[in-house]
Structure formats: structure tokens, C-alpha cells
Amino acid sequence: MARGKLRIYLSAAPGVGKTYAMLSEGHRRAERGTDLVVGFVEDHGRPRTEVMLHGLEAVTRRELTYRDATFTEMDVDAVLARRPAVALVDELAHTNVPGSRNAKRWQDVEELLQAGIDVISAVNIQHLESLGDVVESITGVRQRETVPDEVVRRADQIELVDMSPQALRRRMAHGNIYAPDKVNAALSNYFRPGNLTALRELALLWTADRVDEYLQQYRSEHRIRFTWQARERIVVGLTGGPEGRTLIRRASRMAAKGSGSEVLAVYIARSDGLTSASPKELAVQRTLVEDLGGTFHHVIGEDVPSALLEFARGVNATQIVLGSSRRKAWQYVFGPGAGATVARESGPDLDVHIVTHSEVAKGRGLPLARGARLGRSRILAGWLTGVGGPALLTVLLTVLHDGPGLANDVLLFLFLTVLAALLGGLLPALASAAVGSMLLNFYFTPPKYTLTVQDPKNLVAIVIFFAVAVAVASVVDLAARRTHQAARLRAESEILSYLAGSVLRGETSLEALLERVRETFGMESVALLERESDTAPWTCAGSAAASSAAPTADGESAAGGKTPAPSREGATAGSAGPASGKAPALSCEGALAPGAAAPGARVPLRPEEADVDMPVGDHLALALNGRVLPAEDRRVLAAFAAQAAVVLDRQRLMGEAEQARELAEGNRIRTALLAAVSHDLRTPLAGIKAAVTSLRSDDVAWSDEDEAELLASIEDGADRLDHLVGNLLDMSRLQTGTVTPLIREIDLDEVVPMALGGVPEGSVTLDIPEELPMVAVDPGLLERGVANIVENAVKYSPPGQPVLVAASALGNRVEVRVADRGPGVPDSAKDRIFEPFQRYGDAPRGAGVGLGLAVARGFAEAMGGTLTAEDTPGGGMTMALTLSTAAGRPPAAPDLPAQFTS
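Residues numbered from 1 in each chain as written. Predicted model: local features only at pLDDT ≥ 70, side-chain atom pairs only at ≥ 80, totals over all residues. Heavy atoms only, no water.

### Things to note about the nonpolar core
Here's step 1: Core analysis: the biggest nonpolar cluster contains 62 residues, and L88, L112, V147 and F191 have the highest contact counts within it.
Here's step 2: If you tally residues by element for this core, the top one is helix α9 (residues 193–221), at five residues.
Here's step 3: In this structure, L748, V786, I789 and L853 belong to the second largest nonpolar core, which totals 44 residues. (Core = buried A, V, L, I, M, F, W, Y, C linked by side-chain atoms within 4.5 Å. Buried < 20%, exposed > 50% of the residue type's maximum accessible area, 1.4 Å probe, protein only. Helix = DSSP H or I, 4+ residues; strand = E, 2+ residues; numbered from the N terminus.)

Encoded structure:
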């Protein structure tokens, strides 16, 4: 018997509509003639769900008695006996009443599937077993009823029923999900906008993962070997060629598949020059990668594959994206290429992606320039060719009794001289010319085996050979030097172009610039030092240091010679490195911060302590530690130093501008204060003065009732003045930062009722559960803040609509919600109402100076809490005051409707 098929409707939370969608599918199948029954569907008192059950055949439920209570469960035996084609079974994660056929409803469904019956079911994302801890951390509610992930994954079809958090909360407020007495508790706890958004993301990601499994299965069945990968950090190796844009877009698509992925494009300029790199193309690629949310890095290294791998490991990359080589087939004679070398040496910690493009095998344009600053291996090869080559050639030619002749012998020795010049430079070539001329004279010029030359023509030939060899070696060496100079100037121009671009864009911070200096010159640490006068001590304005000290191996220059691949995990003073933000910080005082990874790195505190120092004017200096730079590098370093001074001045100007803005804001507040006080203080004072004047008047004989009324008006005016002055003083304390809360453990029901003394009786409904955990607050600040919030809500609430003050616990926090039924506030103005001297709408004069909510938020933040404004479902505004629970007290589980765990 064929196994039945399982279709599951998945949603993020109760009330989204998965049961409704399941019943709609049941009606569609029944209308098509499918034999369908309802095995178990609970309407939970929702009218629309109940209507959808009409017209569908339902199998009679089985009644069970447990602890003197009667429950109903799905009768599996009855469904099996009925043998329909399709059965509708709701609440897949439900736990059956003890005494049922199976412990879990999903086990009942498995029996139906084994019997060949198709099942349509529904489940919420929070009931998946693997997500239990995640859901509890988000909502504060532990799901007791779960279903194994494998049961859901084995479903033949999973359909996501989605709804925005705002729409679901509106549906809740309209009474379409829970009974009215449960709505407020649900909205303030489980159905908070943040909780619903997080649960929705979980549902979307889990469904997307299931879709990916379907695709993998499809590719396997159709023998499609292409696989998708998504990693956290992807390094794109750029050569400056036209294929770079393709690589950047491909890396961006890969990063988009994983949450929090990062793309880092790096261009490594070789010290001997990479003539096929187009500065214009590099600028376009830089703009592209920044537009796609990535970062662009420019470093210099002698060995491109090694520099790329060191850079990737320095930024903790997990993938490298490279383009297929543009070299022609014959060019592979000189080596496997950078892509193959990187793939071979990447190791198991790095995945290397070689991406094809339209420029494959079309050549690299101009040939690569060859430098004159040769490594030891090149110099050694030149000497071996210049000295050992003529000896081997002599042995080979002596073996041939009938040699090619003296003229051809001279050409062969001349070839070795030119080859020695190409490999090792001038000195090996001169040695080759000298050794070759002596060997020609001794072995191949009559009389042989003597240094005597019998024929003058042969003497002329040897002399000309030596002269030509020396001339060719000199020309080859000069060409190599000129090429090296051009490559160096090219590298310098690229660095200076970057500096000029950063100046024009105004985008480089001082820390980022110092990190760029450190990585460009391969230093351990860099610091910008300044002093106020020639006799004043030096102070550190900013610094950057490597997370692992990595000085260069050969000590070559940064602009033209070898440098190690930079580590972008370098840290800046007081902040993390610019690449990932996770590097340990190294302070300007030269002491490593806790957990730093570079115990050998040291930030110089004075120019005299640095390996390299570059003065900038009279009172600034750029100090570098790590190695001594050659003289030719100081020109580029001077440009960096000048730019650092400009950036430092810009940062200080921005700080001064911020101070000026704060002063202007203070002036605005003072102006608003004077404007408000001019009326709001005079109004109660005028009433008090009028009442006192009347009482003191001898012309009128006041009755006892009149005197009591006048005294009451004096008291009312004094209370208003006291409240106004109290808010002004509180705001002043908040503005000057002198609010020091005295935190202690207290119950909310000891503070909140006291805050309601200033509002009319019957204008507030209080709902503070006794089982709430204690909160860690300053009772005085809390009472003052709650009083301001409640008075503001009562002020705007319409007559006959009392303000609701409710509290609930969620995880390690307690939330006090003050909900009114007033006109509400649009989203664009919700933050503005917490600013000082703000009165929303047409609030009349005398209604306060607009400090109440500003003071309440200030007090809440001083106690480590938050105060936010939300819309009240059905109209109005809700103030949500969130406070921390007292340490050592277990948080209370929120009182949630039963449907949350059913």
C-alpha cells in the first residue's frame, strides 16, 4: 500500500490563518469530488473558522476522562475505518490526553499516512523542536508542545501562511483571535511587534531552507552538479581587468544568500608593476563594490598569491572568489598562475571559487613589467647561468668533435651572457662575458688549450664578443631598472590617487587612514603624535596596530618592494579595526587591551621611539614601528602624513560643529522655556493673586462657601506651580546629567498606585498582578515618571474612557503599559513627543509646558529602562515602560491564553 502524502500549512504565530487556509483547501478538494473528512479541527471560538467547517464531513471525536475532566481527541480508529482519501488534522504538535492511542498528534498522523490516507495539517514555527530555545529567548515563553523537525521536513508539501506583524495585531485587536479579556495580555506579551517580526523571520528562513532541500533533490535527480554556498566573509581578488565587475557581482550574490555576509574586494599591486591594471577600471570596480555594500582594499605585495591568502586569513575570510586566468595557453609555461596557486595553498579553511568570464584566455594586454630588484633565487640563477652555463656549454661543445665553428660558438656564449643579464642583472652578465671570452680563447681558438691567439681575426672576434656582451648586459640591466622605476611610480600614483579620492569624498576617518598606512607599508603599529609647543610632551591623536605582528621578510619597500599581505584585523585606539569590527583594540599608551592578539606590537609614544617618523608641520608627526623604510618610500609616507593631519583637523572641526549644534539646541530650549514660562507660570500665579486679593478685600463679606472656594483655587494654583517647577527642575537635572538613581528592589504595586494621586478618581483602571517579580528601580524616579505618563494619557483620553495601566512580566524584564483611547500620534511624531517643550496637536495653553514625557523617558533611561510610544489597537496611544527585574529573582512566566501551547 502506497504511503499517503502530507501537506502542512506553516505560520509564524497563532491567528495568521493557517487553519483557515487548510479548511479552504479542504473545500476546494471536496468541490472537485475528493473523498475528504475532518479528522480534528478546533475553531477556538473564532466565528470565521467555525463557518469554514460547515459543509465538510467530520469524524466523531473520541471522549476521554482525565482528572475528573472530559476531553475530546481525534478518533484514529474511526478515521482508519472510514478510509477517506484526505483527512484534515489540525494542531500537528498537540499533546494527546493520557489514555489516547498515541502520545502526540503527529504520531496519529503517521498512522493515517501509513494507511495510505493523505493528510493536510497545520503547525506554528514555534512548535518545531529545534527552535525551542530560540523561540524562548525571543518571546520568553517555553513551548511545551513540540513536533520533531524531521516529521515536518518529510512533508511532501509545505506552504507558508504569512502575515505582517501590524496586520496580525490589528486582527487581534478586532477580537478575531482571542476573547476580549485576553487581548491586552497577548498584545503586551507574546504578540509584541518585535516578537512577531522575529518569529516571521524564523518561519521565512526555515521555509527557504526547505525550498533549498527541494532544489538540491531536483538537481541530484537531474544530475546538476552546481551547488549554492553562502559564507560569512568573501574576499574577491581583483587584477584591474574587465572581469572584475563580474567577480564582484558574483560575490555579492553569494553573500546575499547568508545573513550578515560581507564582501571584501582586494587589489594587490605587485612591486614590479602590473601593467594590465587599468586605474579607470579599478575606480569603477571600487564604486561597484561599495554600492553593493562591500569594501575595497588596495595592498602591495611581491608574491600575489601569498599576499592574497595572507589578506584573506587576516580578515577571517571563509571564501575567495577569483576569475579564470586571462593568460593564453603558451603563457602557462611560466607557471600555473595565481588562481591555481591560491587554490593549491588555501588549505581546508578557505574555499576558493574560480569564476569564468568573457575575458578568459584573451591575453593580459601588455606583458608584465620585470623589476630590477630581484630576489635571491633570481640572483642565484643569474650567477649559475653566467658562470656555470659557459662551463657546461664548453663541455658540450668539446664532446662534439666537429663543432659548429668559432662564429657559432661566439653566438652561443653571447646567448648565455644575455640570459644571465635577464636573470641576475649586470654583474652575472659581466662575469659570464669574462668567463666566456676566456673559455673561447682556451678551448676553441687555435692554438687550443693555451691563452695564445694565433690568428689576429680570432683575437678581434673575442674582443668584439666581450664588448658586445658587456653592452647587451648593460642595456638589459638599464631596461630592467627603468621598468622597475615605472612600476614603482605606478604603484605610488595608485596610492596617491586613493588619497586624493578620499579627500574629495571626505570619507576616511583617522583610524581608517592610519590602518591604511600600516597595511600599505607592512608595519606593526602606526601613531599620529602631536604636541602644543616645541617644549610640550607628545600626545597620541590616533593609532593602529596589527593583531599579529608580521614584519616583512625581505625588508623591501611598500611602494615598490616586498610587503606582507596586510592584516585587516588591525585595531585602532579605542575602536575596532575597520574591516570586521572584531579586532582587539590597542591603546595609544602602548599597552594592549585585554584579549589582544599581538603581544609584540607596540605603539610609539614619541618620534624618537619609532622606527620611522615623518614630521607634519611643527607640532605633528607620524610614527611607525616595525621596520626601517628605504628613503624612496618617504615620499608616499609624506603624502599619508599630510592627509592624516587634514583628517585630524576635519574631525576636530566636526566635533566643534557638534558642540555648536548642542549650544544652539540649548539656546532653542531656553527660548522655548521662556516662551512657555511666560504664560504657564503667570496663569496659576494670576489665579492665586486674584484669590488672595479677594480674601483680603474689606469691601466684600465673603461667606464660608466663598472663602473655601477661593482657598481651593489658591491650593489648585499652588499645586500646578509645584508640578510645573518640579518638571523644570527634573529636566534641568537630566540636561546636566546630575540624575543619580538609587536602585533598589521593589514591587510595582508599591509605587504605581502612589503615582495616580494627581489624576481624577475613576479616570484610570489599574491592573498590576501580584505575582509579578520585583524590579530594580529608583522608587522616586519611577513614581515621578509614571505620574507624568498617566497624567498625559488622562489629558488626551476622551470622557468616559478610562486609561488602562497594566503590567506584565516577560523574560527578565517587566513592562508597564499605559493605554489611552485618545486621538493617537502618527508614527512620524512618536519620537518627537519625547523632546522637551513639545505639546502635540492643539493642546491649549495652561495644559503644561511639554516636559512630562521628556522627563519620564529621561528617568526611565537613567534606571536602565526604556520608554516608547505605540499605537493602541482600536485607536489611541500606548506608552510602554520597560524595567529590569531584580537580580536573583526568577522571572515570572507571563499569563498567556491557553491557545499559545495548544
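### Brief notes about the packing of aromatic side chains
Here's step 1: Under the definition given, this model contains three aromatic pairs.
Here's step 2: Of the aromatic side chains, those joined through ring pairs into one cluster are Y178, Y190 and F191.
Here's step 3: Between R61 and the ring centre of F40, over which it is positioned, the NZ or CZ distance is 4.1 Å.
Here's step 4: We note R857 situated over the ring of F834; from NZ or CZ to the ring centre the distance is 3.8 Å. (Phe/Tyr/Trp six-rings, centres within 6.5 Å; stacked < 30°, edge-to-face > 60°. Lys NZ or Arg CZ within 6 Å of the ring centre and 35° of its normal.)

### Some words on the pattern of salt bridges
Here's step 1: Under the criterion given, the structure shown has 24 salt bridges.
Here's step 2: Taking the shortest distance from any N to any O, the salt bridge between R233 and E262 comes out at 3.0 Å. Of this pair, R233 sits in strand β8 (residues 233–238) while E262 sits in strand β9 (residues 262–269), and the two are 29 residues apart along the sequence. Here R233 matches E262 in class, with each residue buried.
Here's step 3: Salt-bridge contacts for R817 lead to E870; the nearest nitrogen and oxygen are separated by 2.8 Å. One end of the pair, R817, is in strand β22 (residues 813–819); the other, E870, is in strand β23 (residues 866–871), and 53 residues separate them in sequence. For the pair R817 and E870, one class covers both residues: buried. (Salt bridge = Lys/Arg side-chain N within 4 Å of Asp/Glu carboxyl O.)

### Considerations on a negative patch on the surface
Here's step 1: Taken together, D704, E705, D706, E707 and E709 make up a surface patch of like negative charges.
Here's step 2: By the secondary structure assignment, E709 is in helix α21 (residues 704–736). (Patch = residues over 30% accessible without salt bridge, like charges linked within 9 Å, V, L, I, M, F, W, Y side chains within 5 Å. Areas by Shrake-Rupley, 256 points an atom, 1.4 Å probe, with all protein chains shown as cover. Lys, Arg positive; Asp, Glu negative; His and termini not counted. Charge placed at Lys NZ, Arg CZ, Asp CG, Glu CD.)

### What about the sheet that holds β22?
Strand pairs in the sheet, formed through backbone hydrogen bonds, run parallel or antiparallel to each other.
Here's step 1: Taking strand neighbours across the sheet as the criterion, the five strands line up as β19-β21-β22-β24-β23 in an open arrangement whose pairing is mixed. In this open sheet, the two edge strands, each paired with only one partner strand, are β19 (764–767) and β23. Between one strand and the next, the sheet's axes are offset by a mean angle of 20 degrees, whatever the strand orientation.
Here's step 2: Pairing geometry for β23 and strand β24 (residues 877–884), over six bridges, is antiparallel. Looking at β24, one finds that A869 is bridged to M879.
Here's step 3: Here helix α22 (residues 779–796) sits on the sheet and contacts β19, β21 (803–810), β22, β23 and β24; the angle it forms with β24, its principal contact strand, is near 170 degrees. (Pairing = 2+ DSSP bridges. Axes fitted to C-alpha atoms, helices over the stretch in contact; angles between N-to-C directions. Contact = heavy atoms within 4.5 Å.)

Just distances and angles here, no functional claims.
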